[in-house]
Amino acid sequence: ILEAILQQLVEGGFSQFFLAVHYHSEQIRRHFGDGSKWGVQIKYLEERQPLGTAGALSLLDPTMIDAPLLMMNGDLLTRLDFGQLLDYHGQHGGLATMCVREYDFEIPYGVVRGDGARVTDITEKPVQKCFVNAGIYVLEPDLLGQCRPEQAIDMPTLLRQVMSDGHKVSMFPIHEYWLDIGRMEEYQKAQIEGFGPAT
């Protein structure tokens, strides 16, 4: 899965990668090495303990980052146009851009609204829609200074802190193929679909 993500990003023009590793890190290092097999440079951010989806940012040397940083979870399959995402981030001028995906779910019952003891409306099995975090972000280098060394923190918490400090976080809706295979039913779907981007 990581290789499919890497190959897609290489095809998109990316050449420098940081992999946050902890569990089975030696297997990942053995497989990817320094990235020369793909014509890129890979460096590893070794988490002594799990640091959450944003904590590994504190392991980066901020002086090495002088352009927006694309960050994504390692269990995602997508056909997202990353160049379009970076352009969008640049046009909207936020400290960060979060990719979102529209999610809808059907309430399997009739929803009843009332006023006191009186029924005012009944909606049979309504569909609710909302945006969910897609696990892909573009971050400005200045944001790295918001992460304390070795602090375990997830991206939503970090972005809430950024917003509470008055900084702008933009939202980029994904309409392309996107699958979070960290969920078993989605993993099984990816197996049927041949891992999405690879087909």
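Look up: the structure comes first, before these words.
The structure displayed is predicted, hence computed values, not measured ones.

> Even after reading the chapter, I still don't get the environment of leucine 86, so can you show me in this structure?
Position of leucine 86 among the secondary structure elements: in helix α4 (residues 82-92). It is 8.2 Å that separates the C-alpha atoms of leucine 86 and leucine 70, two residues lying 16 residues apart in sequence.

> Before we go on, may I ask you to explain the pairing of strand β2 (residues 41-46) in this structure?
Remember that side chains alternate between the two faces of the sheet whenever the strand is regular. Across six bridges, strand β1 (residues 16-21) lies against β2 in parallel orientation. In the strand pairing of β2, alanine 20 is matched with leucine 45. Read as a crossover between parallel neighbours, the route from β1 over helix α2 (residues 25-32) to β2 is right-handed.

> Even after reading the chapter, I still don't get the sheet that holds strand β8 (residues 127-139), so can you show me in this structure?
Strand-to-strand pairing in sheets goes through backbone hydrogen bonds, with the strands running parallel or antiparallel. Taken together, the four strands give an open sheet; going across it, the order is β3-β8-β5-β9, and neighbouring strands pair in mixed fashion. At either end of the open sheet lies a strand with only one pairing partner, and these are β3 (69-72) and β9 (169-173). Each strand axis lies, on average, 40° off the axis of its neighbour in the sheet, ignoring direction. Relative to β9, strand β5 (residues 96-106) runs parallel, the two being bridged by five bridges. Along β9, the bridge assignment pairs methionine 98 with methionine 171. Relative to the sheet, α4 contacts β3, β5, β8 and β9, its axis offset from that of β9 by approximately 145°. Most of the contacts of helix α5 (residues 155-164) go to β8, to which it runs at about 85°, and overall it touches β3, β5, β8 and β9.

> Even after reading the chapter, I still don't get the side chain of serine 58, so can you show me in this structure?
Within the secondary structure layout, serine 58 lies in the loop between α3 (52-55) and β3. The exposure class of serine 58 is buried, given its relative accessible area of 18%. A distance of 2.8 Å separates a polar side-chain atom of serine 58 from the backbone oxygen of glycine 55. Beyond its immediate stretch of four places on either side in the chain, serine 58 contacts Cys147, Arg148, Pro149, Glu150 and Gln151.

> For this particular structure, what's the right way to read the nonpolar core?
Generally speaking, nonpolar side chains in soluble globular proteins are found buried as a group. Among the nonpolar cores identified, the biggest contains 25 residues, and Phe32, Ile42, Leu80, Phe82, Leu85, Cys99 and Ile136 are the most heavily contacted of them. Among the secondary structure elements, those contributing two or more residues to this core are α1 (2-11), β1, α2, β2, β3, α4 and β8. Within the second largest apolar cluster, 22 residues are counted, among which are Leu139, Leu143, Met155 and Val162.

> Looking at this structure, how should I read the packing of aromatic side chains?
Describing an aromatic ring pair means giving the distance of the ring centres and the angle of the ring planes. Tallied over the entire structure, the rule returns four aromatic pairs. A centroid spacing of 5.3 Å and a plane angle of 40° characterise the contact between phenylalanine 32 and tryptophan 38, whose relative ring orientation is tilted. Across the pair, tryptophan 38 and phenylalanine 32 agree in class, each one buried. Both rings, one in tyrosine 88 and one in phenylalanine 172, keep their centres 4.8 Å apart while their planes meet at 70°; by these two values the pair is edge-to-face. Here tyrosine 88, found in helix α4, pairs with phenylalanine 172, found in strand β9; they are 84 residues apart in sequence, far enough to count as distant. We classify phenylalanine 172 as buried; its relative accessible area is 7%. Of note, arginine 79 hangs over the ring of tyrosine 177, and the distance from its end group to the ring centre comes to 4.6 Å.

> I keep staring at α1 and nothing clicks. Help me out?
Since the α-helix packs 3.6 residues into each turn, any two residues three or four apart lie on the same face. The set of residues buried in α1 consists of Ile5, Leu6, Gln8 and Leu9. Along α1, the residues classed as buried sweep out an arc of 165° about the axis, all on the same side. Looking at the buried side of α1, the elements it contacts are β1, α2, β2, β3, β4 (76-78) and α4. The first or second residue beyond α1 is glycine 13, which carries a positive phi of 100°.

About the cut-offs
- Residues numbered from 1 in each chain as written.
- Predicted model: local features only at pLDDT ≥ 70, side-chain atom pairs only at ≥ 80, totals over all residues.
- Heavy atoms only, no water.
- Helix = DSSP H or I, 4+ residues; strand = E, 2+ residues; numbered from the N terminus.
- Pairing = 2+ DSSP bridges.
- Right-handed = clockwise from strand over helix to strand, strands pointing away.
- Axes fitted to C-alpha atoms, helices over the stretch in contact; angles between N-to-C directions.
- Contact = heavy atoms within 4.5 Å.
- Buried < 20%, exposed > 50% of the residue type's maximum accessible area, 1.4 Å probe, protein only.
- Polar contact = N/O pair within 3.5 Å; in protein donor to acceptor, adjacent residues only side chain to side chain.
- Core = buried A, V, L, I, M, F, W, Y, C linked by side-chain atoms within 4.5 Å.
- Phe/Tyr/Trp six-rings, centres within 6.5 Å; stacked < 30°, edge-to-face > 60°.
- Lys NZ or Arg CZ within 6 Å of the ring centre and 35° of its normal.
- Arc of directions from axis to C-beta.

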